[in-house]
Amino acid sequence: MFTTRFLLPCNICRSLQKTHRLAFSISHNNVSSSYKLKNRRKTRLKQHDTSKFVSVKPAIVELGNNQYLLNKLSNAGTFNVDFLSDINEKIKEITKDVDFNVKRKPRTFEKDQDNSDDSSINSKPKVNYGTPDKSIAISEIPCGGCGALLHCQDHTVPGYIPSEVFKEMTEEELRDSKCQKCHKMQYHKTLIDIRATDDRAHEIMKEIQENRRCMVMLIVDLLDIENSIPDLFRELIPSRKPIFVIGNKVDIIPQDHPDYLDSVHQTLVDACINCGLEQHNVKHVTLISAKTGFGVETLISKLLQDWGMSGDVYMIGTANSGKSTLYNSLLNSDYCNHHVRDIVPQATVSELPGTTMNTLKFPIMNAKTNWLMKMRQDRLRLTKAKEMVKRIKVIEETKKSKKLMASSILTTLREKVEKTDFAEDEDRRTQYSGFDLTAYDYKQDKVLTNDGKDFIAEKRATYDEHQFKNSRFLYDTPGLLCDSQIYMDLLPEELKLISPAKKIVPHCVLLKQDYTVFVTGLGRLDYVEGNQDVMLVIYISSKLPVHIVARPEAEEFYRCNIGTEVLGLPLGDESRLAKLPPLKGRNIRIRPEDQTYNTAAADIQLSSLGWVSVVGMSRSAELDVTLRVYTPGARGIYIRPAMLKNAHVFHLKRVKNTLKYKRNKPKLLLMKGEQF
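Given the structure is predicted, the values throughout are model-derived calculations rather than measurements.

### Brief notes about the overall build of the chain
Scanning the chain from N- to C-terminus turns up 18 helices and 21 strands. By the burial criterion, 48% of the 676 residues in the chain qualify as buried. In the chain, 77% of the contacts between residues at least 6 apart in sequence involve partners at least 24 apart. On the chain, roughly 35,400 Å² of surface is accessible, and the fraction owed to carbon and sulfur atoms is 48%.

Right, dumping it as structure tokens:
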């Protein structure tokens, strides 16, 4: 069969349609026509000037000649097949003056060629790095996103900008610019895999040792508590330095009880003690979510009240603990000097560990200025009252809607981090003169309201840190690389999967003797021996799979599915998998002193993946089981008392003919003192 395609202006198509209907108005032996006419758009023209036909959106005419059909029609003897040649002549006559070379608007692409298909960070677009030029010296100006010095010498070195752009930029333009890697991450959602080493982190540790008046904020990832407190920190930070321990990412921890935050806080305190921080000058331990703002305002008030302007503040932590996210949150709050908080560029945030290459900093608010503190406390008191009223209304509305009860807005810890509108006005200063910082309280009888007209603070066009010589600064530092974490061995697309984006919904499986549970391809738990079955509550990202197989078949299952979507992680072919450390295990015996039926007895940390709670399933016998736990190179395996003991709230009935339980999604988040 052959097909001829013509592009015809639509008014010509109407003439052709008449001929088509005339020729095929009668069907013969139920044999339908092989002619097709597709009209894309009907456009009327007042004049029949063929010179204007090229500007009309054409129709498509397909003429097919099926030899088998022609033979059938000829054998039927009902009409002469010669009419086909008459139609072809008619078409040629109608279209003899038409130019079929219709000009279409060519598709245009932006100068950045990687912008065509990079909507997802998992894609691998071809990045146009530009032209390096090693003859141009490295500048002394750092990138506003990662802190690396800007240059155009090598695209594999942090701080790179294409030479075509770098040569044309003035010093002021460079100060407001970001390197190519930060620009791609922020505007194109493209990860360029350039990671920092821990050399700069060691240098910063030495600076902290030499700085007599400074305070350290240790940022701990609550999904990986034990591995987020590296040995390097304990060795290099002097014991006299004041330390704030900040447990970040509390918004992804599921709730098993209204008082679960107390249990999470106690687990963080115990981890600090076990890691040797009890010998250091730990001033405060708190839980926050830099992403949703929970606890950030309370942290700011604690910093201003306890530390104030006593010295600089350094944020220290392992890679991917959330330091840069917290830095951005504090930058857009009252903690940053209000003259520059809208000018200082934000840090680049991504799933890629080692994104921050050098220190980033901003000047801290002067806590000794009483009128500024009073205005902030007035705003906090008013905001808290509004949030309490809003919370009561939400609880009442939730009683009427099951969908609203399961909404992520209500099941996630959230708080607003706002900026007080400070004013440079002498009249307003006199209103707050003589205010004592120690009198800070949310109660009405402790903080008085001072009404005044609204003022708009003027923004400075540029930021020069030399103008704040007498100020104290908050520093965001490069992440410490911890050998017990597997982040550094993973690809960017794998990091996107392993990092939870929202509250964890745990997997619950029943583990019997001679069975094995695979937590993706990076974690494995074997039941070695014990006196009862156990339930494993697995706290990992919802994007990662969990499989349970018989122990004799475990090796074959792993060999056949590693590197595939079945196990999820790791990804890649044999050459990629060969670069990862093989799974190695060690035995862990769980024998709690108390009865643990339907209650978590212990947690097992699986490096950067998350953790697993072990729950006894016997009402009579005391739990005594031995599990063999595997991670790449046996790294990051720890055991601790259970953080979330009420494991039964995370599952429903068992799935029929399987060892898995249906997962129970989080409901309305009730806190201390709240009733539903």
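More follows now that the structure is in view.
### Section: the nonpolar core
Core analysis: the biggest nonpolar cluster contains 125 residues, and Met217, Tyr335, Leu474, Leu536, Ile590 and Ile604 have the highest contact counts within it. The greatest single-element share of this core, amounting to 7 residues, is contributed by strand E4 (residues 214-221). Setting aside residues up to four positions removed in sequence, leucine 474 forms contacts with Met217, Val313, Met315, Tyr327, Leu330, Tyr335, Leu360, Lys361, Phe362 and Ile364.

### Things to note about the sheet that holds E4
Here we have 6 strands laid out as an open sheet, ordered E6-E5-E4-E7-E9-E8, and mixed in their pairing. Among the strands making up the open sheet, the edge pair consists of strand E6 (281-287) and strand E8 (360-363). This sheet shows a mean twist of 20° between the axes of neighbouring strands, independent of strand direction. Examined bridge by bridge, E4 and strand E7 (residues 312-317) share 6 bridges and lie parallel to one another. Following the sheet pairing, isoleucine 219 is matched in E7 by glycine 317. Contacts between helix H9 (residues 260-274) and the sheet are confined to E4, strand E5 (242-248) and E6, with E6 contributing the most and set at about 150° to the helix.

### Some thoughts on the pairing of E4
Look at any regular strand and the pattern is simple: side chains alternate between the two faces of the sheet. Burial runs high along E4: 8 of the 8 residues are buried. Two strands pair when backbone bridges link them, and E4 and E5 are joined in this way by 6 bridges, in the parallel orientation. Paired with valine 216 across the bridge in E5 is isoleucine 243. Each parallel crossover has a hand, and for E4 linked through helix H8 (residues 231-236) to E5 it is right-handed.

### Quick word on the pattern of salt bridges
Under the criterion given, the structure shown has 21 salt bridges. In this structure, lysine 249 engages aspartate 221 in a salt bridge whose closest nitrogen and oxygen atoms are separated by 3.3 Å. Here the residue lysine 249 occupies a position in the loop between E5 and H9, and aspartate 221 occupies one in strand E4, the gap between them amounting to 28 residues. Overall, the relative accessible area of 21% leaves lysine 249 in the partly exposed class. In this structure, aspartate 334 engages arginine 376 in a salt bridge whose closest nitrogen and oxygen atoms are separated by 3.1 Å. With aspartate 334 in the loop between helix H11 (323-331) and E8 and arginine 376 in helix H12 (residues 370-398), this pair connects stretches of sequence that are 42 residues apart. Exposure class is identical for aspartate 334 and arginine 376. Each is buried.

### A look at helix H10 (residues 296-306)
Restricting attention to buried positions, one finds in H10 the residues Val296, Glu297, Leu299, Ile300, Ser301, Leu303 and Leu304. Contacts made by the buried residues of H10 are with E4, E5, E6, H11 and H12. Residue glycine 308 follows H10 closely and has a positive phi angle near 60°.

### Overview of the sheet that holds strand E14 (residues 546-550)
In spatial order, the strands read E14-E11-E12-E18-E15; together these 5 strands make up an open sheet with antiparallel pairing. Strand pairing shows two members of the sheet lacking a second neighbour, E14 and strand E15 (583-590), which therefore form its edges. Averaged over all neighbouring strand pairs, the angle between strand axes comes to 20°, with direction disregarded.

### Quick look at unusual backbone geometry
Cis geometry is adopted by the peptide bond preceding proline 570, which originates at leucine 569 and carries an omega value of -5°. Located in the positive-phi region is aspartate 514, a residue other than glycine, with phi close to 65°. For aspartate 514, the position within the fold is in the loop between strand E10 (507-511) and strand E11 (515-519). A positive phi angle, near 55°, is found at alanine 634, a position not held by glycine. Its relative accessible area of 28% is what places alanine 634 among the partly exposed residues.

### As for the packing of aromatic side chains
Scanning the model with the defined rule gives 7 aromatic pairs in all. Relative to tryptophan 611, the ring of tyrosine 539 has its centre 4.4 Å away and its plane inclined at 15°; by these criteria the two rings are stacked. Of this pair, tyrosine 539 sits in strand E13 (residues 534-539) while tryptophan 611 sits in strand E17 (residues 611-616), and the two are 72 residues apart along the sequence. The burial state of tyrosine 539 is the same as that of tryptophan 611; both residues are buried. Given the relative accessible area of 0%, tyrosine 539 is considered buried. Among the aromatic side chains, those forming a connected cluster through ring pairs are Tyr314, Phe473 and Tyr475. The cationic tip of lysine 361 hangs over the ring face of phenylalanine 473; the distance from NZ or CZ to the ring centre is 4.8 Å. Above the ring of tyrosine 630, the side-chain terminus of arginine 524 is found at 4.7 Å from the ring centroid.

### Focus: the side chain of threonine 267
Within the secondary structure, threonine 267 is located in helix H9. Among all residues touching threonine 267, those that are not within four sequence positions of it are Ile225, Arg640 and Met643.

### Some words on the packing of H10 against H12
At their nearest, the axes of H10 and H12 sit 12 Å apart, and the two run at 155° to each other. Between H10 and H12, the interaxial angle falls into the category roughly antiparallel. Handedness of the crossing formed by H10 with H12: left-handed. Listed contacts from H12 to Glu297, Ile300, Ser301 and Leu304 of H10 are Met373, Arg376, Arg379 and Leu380.

### Overview of the pairing of strand E20 (residues 651-654)
Judged from the 2 bridges that link them, E20 and strand E21 (residues 661-663) form a sheet pairing that is antiparallel. Across the sheet, residue arginine 654 finds its bridge partner in E21, namely tyrosine 661. Linking two consecutive strands that pair antiparallel, namely E20 and E21, is a turn of 6 residues; a positive phi of about 65° is found at asparagine 657 within it.

### Notes on the environment of methionine 357
With respect to the element layout, methionine 357 can be found in the loop between H11 and E8. Distance in space between the C-alpha atoms of methionine 357 and glycine 159 is 8.6 Å, their sequence separation being 198 residues.

### A short note on H9
Because each turn of an α-helix spans 3.6 residues, side chains separated by three or four positions in sequence point in the same direction. The end-to-end C-alpha distance of H9 is 21 Å, a good match for the 21 Å that 15 residues give at a rise of 1.5 Å each. Buried within H9 are the following residues: Tyr260, Leu261, Val264, Thr267, Leu268, Ala271 and Cys272. Buried positions in H9, seen along its axis, are confined to an arc of 135° and lie on one side of it. Contacts made by the buried residues of H9 are with E4, E5, E6 and strand E19 (637-641).

### Topic: the confidence of the model for the chain
Model confidence for the chain is summarised by a mean pLDDT of 77, while 71% of its residues fall at 70 or above. Here strand E2 (residues 36-38) stands out as the least confident element of the chain, with mean pLDDT 39; E11 is the most confident, with 97.

### Quick notes on the environment of serine 177
With respect to the helices, strands and loops of the structure, serine 177 is situated in the loop between helix H5 (171-175) and helix H6 (180-188). With a relative accessible area of 13%, serine 177 lands in the buried category. With sequence-adjacent residues up to four places away left out, serine 177 is seen in contact with Cys143, Gly144, Leu150 and Met169. Within the structure, the side chain of serine 177 is placed 2.5 Å from the backbone oxygen of glutamate 173, a separation counted as a polar contact.

Definitions and cut-offs
- Residues numbered from 1 in each chain as written.
- Predicted model: local features only at pLDDT ≥ 70, side-chain atom pairs only at ≥ 80, totals over all residues.
- Heavy atoms only, no water.
- Helix = DSSP H or I, 4+ residues; strand = E, 2+ residues; numbered from the N terminus.
- Buried < 20%, exposed > 50% of the residue type's maximum accessible area, 1.4 Å probe, protein only.
- Contact = heavy atoms within 4.5 Å.
- Areas by Shrake-Rupley, 256 points an atom, 1.4 Å probe, with all protein chains shown as cover.
- Core = buried A, V, L, I, M, F, W, Y, C linked by side-chain atoms within 4.5 Å.
- Pairing = 2+ DSSP bridges.
- Axes fitted to C-alpha atoms, helices over the stretch in contact; angles between N-to-C directions.
- Right-handed = clockwise from strand over helix to strand, strands pointing away.
- Salt bridge = Lys/Arg side-chain N within 4 Å of Asp/Glu carboxyl O.
- Phe/Tyr/Trp six-rings, centres within 6.5 Å; stacked < 30°, edge-to-face > 60°.
- Lys NZ or Arg CZ within 6 Å of the ring centre and 35° of its normal.
- Parallel < 35°, antiparallel > 145°, perpendicular 65-115°, else oblique.
- Left-handed = near helix turned anticlockwise from the far one by under 90°.
- Expected span 1.5 Å × (residues − 1).
- Arc of directions from axis to C-beta.
- pLDDT = per-residue confidence, 0-100.
- Polar contact = N/O pair within 3.5 Å; in protein donor to acceptor, adjacent residues only side chain to side chain.

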